[in-house]
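Working through the structure, step by step
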Amino acid sequence: MKAFEDSSHWDTAAQHYEQTAHPFTAKYAKSALAMVTLSPGARVLDVAAGTGALALEAARAGAQVLAIDFSPGMVARIAAQGLANVEASVMDGQALMLPDSAFDAVFSIFGVIMFPDWRKGLSEMARVTRPGGYGVVATWRDSGAATFLLLSQVRQTLFPGRETMAMPNAVSALSEPQDFAREMTAAGFTDPQIQAVTFDFELDIAALDEPDTLFGMSPDWTSLTDADKSAVVAEVRRMAGDRAILPIPSTALIGVARR
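Residues numbered from 1 in each chain as written. Predicted model: local features only at pLDDT ≥ 70, side-chain atom pairs only at ≥ 80, totals over all residues. Heavy atoms only, no water.

1. Some remarks on the overall build of the protein
What counts is decided by this rule: Only DSSP runs of H or I reaching four residues or more are called helices, and only runs of E reaching two or more are called strands; each is numbered from the N terminus. The size measure is the radius of gyration over C-alpha atoms, and the globule rule it meets is 2.2 Å times the number of residues to the 0.38 power. Exposure categories follow from relative accessible area, calculated using a 1.4 Å probe and restricted to protein chains: below 20% of the type maximum is buried, above 50% is exposed, and the middle band is partly exposed. Contacts were defined at the residue level, with two residues in contact if any of their heavy atoms lie within 4.5 Å. With residues, only the protein chains shown are counted as cover, and all accessible areas are computed by Shrake-Rupley using a 1.4 Å probe.
Looking only at helices and strands, one finds 10 helices and seven strands in the protein. At 18 Å, the protein has a C-alpha radius of gyration in line with the 18 Å of a compact globule built from 259 residues. Taking the principal axes of its C-alpha atoms as reference, the protein extends roughly 55 × 40 × 35 Å. Buried residues in the protein amount to 51% of all 259 residues. The long-range share in the protein, meaning contacts at least 24 apart out of those at least 6 apart in sequence, stands at 75%. Of the accessible surface of the protein, which amounts to about 11,500 Å², a share of 51% is contributed by carbon and sulfur atoms.

Next up, the structure:
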């Protein structure tokens, strides 16, 4: 089993994820929400919600939100926000325990792409979306984003012959707009529109003082020797030069379709 397919991996990472990844993924969640029109009180489902970047934004905009994730640790972080119009529940996105056509909009922001059976995840999203409702999916391009993307690039520079962390199968399968649109259609959605969205992840160079905290969620880091890790840190410092913040442009594709 790959680490990202193990709920206990995400349980352990939940607090760190909320502090580091959540603020960044929230930028893409806001972009995704801006691509659809939701009426007040709209029923929204957030699949593989993580710590709730999309769910919390939708709730603050007035939606009634159900956020689901297979990680109890992630779900607990969402519940801890205490928003009255957000329900958080542990659930497998590949087999949603929910009725057909129950939601006005179903989102998955970098979630369904992590599933072993991501096509089943997409079809489950379509099943629970009402006719005329929206399905919205975000996936990464390239080798992910933020520190994962940076680490992949640095490894290719320093250790060009070594394999890097395998991306989830869906990232490769959905990396081109025409392929992404075809898969959304096959899942049961119609008229998919795919848009590229790029934001800079702003890496605080001071965080390199504790690189295990910065890169520790990636097997591309944990598989390195201490000497290799020191070389990676030195290369990132070289890339930054005199800058205190190193921007890492990270591109996502966001697919929006109707049911």
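2. Focus on helix H5 (residues 146-158)
Turn by turn, an α-helix covers 3.6 residues, leaving residues three or four places apart pointing in a common direction. For clarity, the cut-off: Given the number of residues in a helix, its expected span is that number minus one, multiplied by 1.5 Å.
For H5, with 13 residues, the first-to-last C-alpha span of 18 Å sits near the 18 Å given by 1.5 Å per residue. The complete set of buried residues in H5 reads Ala146, Thr147, Leu149, Leu150, Leu151, Ser152, Val154 and Arg155.

3. Description of the pairing of strand S1 (residues 43-47)
Here is the rule we go by: Pairing between strands is defined by DSSP: at least two bridges between the two strands are required. A crossover gets the label right-handed when its path from the first strand over the helix to the second runs clockwise, viewed with the strands pointing away from the viewer.
Burial analysis of S1 places four of its five residues in the buried class, the great majority of the element. Summarising the sheet, S1 and strand S2 (residues 64-69) pair through five bridges and their orientation is parallel. Bridge pairing in S2 links Val44 to Val65. One crossover worth recording links S1 to the parallel S2 by way of helix H2 (residues 53-60), and it is right-handed. Relative to strand S4 (residues 103-109), S1 runs parallel, the two sharing three bridges.

4. What about the pairing of strand S7 (residues 245-258)?
Where strand S5 (residues 129-140) meets S7, seven bridges bridge the pair, whose relative direction is antiparallel. By the bridge assignment, Tyr134 is partnered in S7 with Arg258. Relative to S7, strand S6 (residues 190-204) is paired through 13 bridges, and the arrangement is antiparallel. Note on S7: the bridge partner recorded for Gln193 is Val256.

5. Quick word on the environment of Thr225
Here is the rule we go by: Pairs of N or O atoms within 3.5 Å make up the polar contacts considered here, provided that, within protein, one atom can donate a hydrogen while the other can accept it, and that residues adjacent in sequence are counted only when both atoms are side-chain atoms.
Counting through the fold element by element, Thr225 comes out in the loop between helix H9 (219-222) and helix H10 (226-240). For the pair Thr225 and Trp118, spaced 107 residues apart in sequence, the C-alpha to C-alpha distance is 33 Å. There is a polar contact of 3.1 Å between the side chain of Thr225 and the backbone nitrogen of Asp228.

6. Focus on the packing of aromatic side chains
Let me state the cut-off plainly: Think of it this way: a Phe, Tyr or Trp ring, Trp meaning its six-membered ring, pairs with another when their centres are within 6.5 Å, and the plane angle makes it stacked under 30 degrees, edge-to-face over 60, tilted otherwise.
Tallied over the entire structure, the rule returns eight aromatic pairs. Ring geometry for Phe24 against Phe201: centres 5.2 Å apart, planes inclined by 85 degrees, an arrangement best described as edge-to-face. Note that Phe24 is positioned in helix H1 (residues 7-34) and Phe201 in strand S6, a separation of 177 residues in sequence. The exposure class assigned to Phe24 is buried, which follows from its relative accessible area of 6%. Residue classification places Phe201 among the buried residues on the basis of a relative accessible area of 16%. Aromatic pair Tyr28 and Phe110: ring centres 5.5 Å apart, planes at 80 degrees, arrangement edge-to-face. You can see Tyr28 sitting in helix H1 and its partner Phe110 sitting in the loop between S4 and helix H4 (118-127), a full 82 residues away along the chain. Overall, Phe110 belongs to the buried group, its relative accessible area being 11%. Through pairs of rings, three or more aromatic residues link up here, namely Phe24, Tyr28, Phe110, Trp140, Phe199 and Phe201.

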